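# Coordinate analysis (summary)
Take a look at the letters that make up each chain.
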Amino acid sequence: MFRFIKEWDKLAMWMQLGFPLNEATAVKIDSITSFLVTPPSLMNTCIKNIRHYLHAQPELSNQEKHTAAFIVNCLQESGAKRIITGLGGYGVAGVFSGRETGTRVMLRAELDALPISERGEEREWCSQNEHVAHSCGHDGHMAILLGIAKRLACTPPTRGEVVLLFQPAEEIGTGASAVINSEKFDKSLYPDVAYALHNQPGRPFGEISIREGAFACASRGMIVRLYGRCSHAAHPEQGLSPVRTMRHLLEELEQLPQRLFPSEDLRLVTVVHAQLGEVRFGTTPGEAVIMVTLRTATDALMQPLVEAARESIERMTLETELTYDIEFQDVFTAVFNDEQATKDVIHCAQKCGKMLSVLQAPNRWSEDFGVYSAVCRCAMFLLGAGEATSVLHDSAYDFPDALIEHGVEMFWALLNEQRLFDN
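For the protein chain, an unreviewed UniProt entry supplies the name Amidohydrolase and the organism Adineta steineri.

Here you go:
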């Protein structure tokens, strides 16, 4: 069992470790966190406390070193026959093999947290890392997979294989691609089918939501930099300010979806940031930055939206003699659910007696799980986190402990659906 040392205990522990008191007062509390937490044992700790430990130790995308090390220890405890590390960064896979040949099923969870300062100091397990928090519930997703590992330790598959993949860098959209492009993700790991879930506040607690085909939107961040020429503020006519182009471009980019060919599927451009010049009263602006998110229901709709945005930028800058460059970040492909894998999820939800909702439209948010469709059949579903729960990415969000068992039950049912066990 693990415990968190209370704030008033920390100076005493610092001295017990042999450090002078004057150093203790100069060091931030969260810089000595590693001294203050004992990692829990998977097989001797209830899963909710495993989640609390993970929640308190969040790490950003591509920095999940300590989280990955903890996952490796848990997989070793649970008796995984193979443990592969360094998948696309800090990704970890645990493989549980049966004696007979059969289906290889992959279940995926995410390792990374968000650059958010958590609200919730009253919780003993609140984030110990400054401006990093599991505000998307990835701690809960990992706990669910570790719950499956705990079951597999007692009931290993008879046939086929179970691959528990703990993926890095989902929040920035690069993790899944890095995993499947890794030399370590070879044919010995290629699954026949892969499943993933995501908790969803605002939906009934424990409800399973899914749809065949497009499940979550494609999206990408577009950064547009406009370059003009500064001048003294007393002589603005001597400069080349991007202010008017910036204003018109902000309006036109948001209106692009309505100007393209008609489609019933979602197309959305959202302005997320804009900056003009420097904070100086004596100088006119010479540069501007616009950041927008492009979002479409399918991958096929994304490229026309990107091209339309490029054309608008090129036309406006040509008219005003500005120059520009464009950069893309956080590129997510759409998640597309396979027909049979979707039917598996629906059947298991019904068999487990879960509330079931078939979604009429794709989710607007994006997820990089769709990348795995390049190597196998895939299905992702939502697990309702409650209608009164804080929204995802809210600094107060905390994955509900009671939801863990719902996720474990669904994933276990999906493994049974592939006939990996005798019974």
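Moving on, we get to helix α11 (residues 403-417). Helical geometry note: an α-helix holds 3.6 residues per turn, so side chains three or four residues apart project in the same direction. The terminal C-alpha atoms of α11, which comprises 15 residues, lie 21 Å apart, in line with the 21 Å expected from a rise of 1.5 Å per residue. A positive backbone phi angle near 60° is found at R419, which sits one or two residues after α11.

A word on the layout of surface pockets. Roughly 660 Å³ of volume is contained in the largest pocket. E171, R295, D330, F332 and H393 are, among the 29 residues lining the largest pocket, the residues nearest its centre. Broken down by secondary-structure element, the contributors of at least two residues to the lining of the largest pocket are β5 (193-200), β8 (218-227), β10 (287-296) and β11 (323-332). Looking at the lining of the largest pocket, the element that brings in the most residues is β8, giving five residues.

If you trace the backbone, N337 turns up in strand β12 (residues 335-337). Classification of N337 by relative accessible area gives buried; the value is 1%. As a C-alpha pair, N337 and A361 span 24 residues in sequence and 13 Å in three-dimensional space. If we ignore the near neighbours within four places in the chain, the residues touching N337 are I210, R211, E212, G213, F215, T342, C378, A379 and M380. Here R211 takes part through its backbone oxygen, which lies 2.9 Å from a polar atom of the side chain of N337.

Moving on, we get to the sheet that holds strand β3 (residues 100-110). Taken together, the eight strands give an open sheet; going across it, the order is β1-β2-β4-β3-β5-β14-β6-β13, and neighbouring strands pair in mixed fashion. If you trace the sheet from one side to the other, it starts and ends with β1 (82-87) and β13 (356-358), each paired once. Averaged over all neighbouring strand pairs, the angle between strand axes comes to 20°, with direction disregarded. Here β5 pairs with strand β14 (residues 377-384) via eight bridges, running parallel. Its bridge partner lying in β14, N199 is registered against L383.

Right, let's talk about the packing of aromatic side chains for a bit. Tallied over the entire structure, the rule returns six aromatic pairs. Relative to F70, the ring of Y53 has its centre 4.7 Å away and its plane inclined at 45°; by these criteria the two rings are tilted. Residue Y53 is located in helix α4 (residues 47-56), and its partner F70 is located in helix α5 (residues 65-77); the two are separated by 17 residues in the primary sequence. For the ring pair F381 and F411, a centre distance of 6.0 Å and an interplane angle of 75° mean the geometry is edge-to-face. On the criterion of sequence distance, the pair formed by F381 in strand β14 and F411 in helix α11 is long-range, its members being 30 residues apart. Like F381, the residue F411 is buried in the burial classification.

Overall, antiparallel pairing links the four strands, which are arranged β9-β10-β8-β11 in an open sheet. Looking along the sheet, the strands with just one partner apiece sit at the ends: β9 (267-276) and β11. Taken pair by pair, the neighbouring strands of this sheet meet at an average axis angle of 20°, ignoring direction. Bridging between β9 and β10 involves nine bridges; their strand directions are antiparallel. Bridged to T270 within β10 is T293. Set on the sheet, helix α8 (residues 243-259) makes contact with β8, β9 and β10; between it and β9 the angle comes to about 165°. Here helix α9 (residues 299-320) sits on the sheet and contacts β8, β9, β10 and β11; the angle it forms with β8, its principal contact strand, is near 10°.

Relative to the 24 Å expected for 17 residues at 1.5 Å per residue, helix α6 (residues 138-154) spans 25 Å between its end C-alpha atoms, a close match to the ideal helical length. In terms of residue burial, α6 counts as a mostly covered element, since 14 of its 17 residues are buried.

Under the present numbering, the feature "binding site: Mn(2+)" (unreviewed entry) in UniProt falls on C136, H138, E171, H198 and H393. Judged by maximum C-alpha separation, these annotated positions cover 258 residues in sequence but sit close together in space, the widest gap being only 13.0 Å. In this structure, the largest pocket is lined, among the annotated residues mentioned, by C136, E171, H198 and H393. Mapped onto the elements of the fold, E171 is located in the loop between β4 (159-167) and α7 (175-180). Every residue in contact with E171, bar those within four places of it in the chain, is listed here: S61, D112, A113, L114, C136, H138, D330, F332 and H393. Positionally, H198 belongs in strand β5. Judged by its relative accessible area of 4%, H198 falls in the buried class. In contact with H198, other than residues within four places in its own chain, are E110, C136, H138, H141, W365, E367, M380, F381, L382, L383 and L392.

What follows concerns the pattern of salt bridges. A full pass over the atoms with the stated rule returns 22 salt bridges. Between E161 and R104 there is a salt bridge whose closest N-O contact spans 2.8 Å. One end of the pair, E161, is in strand β4; the other, R104, is in strand β3, with 57 residues separating them in the sequence. The same class applies to E161 and to R104, which are both buried. For K354, the salt bridge identified is with E409, shortest N-O distance 2.7 Å. With K354 in the loop between α10 (339-351) and β13 and E409 in helix α11, the pair connects residues that are 55 residues apart, well separated along the chain. Judged by its relative accessible area of 30%, E409 is partly exposed. Several salt bridges converge on common partners, so that one network encompasses R51, E118, R123, D139, D398 and D401.

Here the focus is the side chain of S127. Position of S127 relative to the elements: it lies in the loop between β3 and α6. A polar atom in the side chain of S127 sits 2.6 Å from the backbone oxygen of V132. With residues up to four places along the chain from it excluded, the contact list for S127 reads H55, A56, P58, E118 and V132.

The rules behind each value
- Residues numbered from 1 in each chain as written.
- Predicted model: local features only at pLDDT ≥ 70, side-chain atom pairs only at ≥ 80, totals over all residues.
- Heavy atoms only, no water.
- Helix = DSSP H or I, 4+ residues; strand = E, 2+ residues; numbered from the N terminus.
- Expected span 1.5 Å × (residues − 1).
- 1 Å grid on protein atoms, 1.4 Å probe; cavity = no way out; pocket = protein on both sides within 12 Å on 5 of 7 lines; lining within 4 Å.
- Points joined across faces, edges and corners; volume = space filled by probe spheres on them.
- Buried < 20%, exposed > 50% of the residue type's maximum accessible area, 1.4 Å probe, protein only.
- Contact = heavy atoms within 4.5 Å.
- Polar contact = N/O pair within 3.5 Å; in protein donor to acceptor, adjacent residues only side chain to side chain.
- Pairing = 2+ DSSP bridges.
- Axes fitted to C-alpha atoms, helices over the stretch in contact; angles between N-to-C directions.
- Phe/Tyr/Trp six-rings, centres within 6.5 Å; stacked < 30°, edge-to-face > 60°.
- UniProt positions renumbered as here; feature names shortened; annotations may be inferred.
- Salt bridge = Lys/Arg side-chain N within 4 Å of Asp/Glu carboxyl O.

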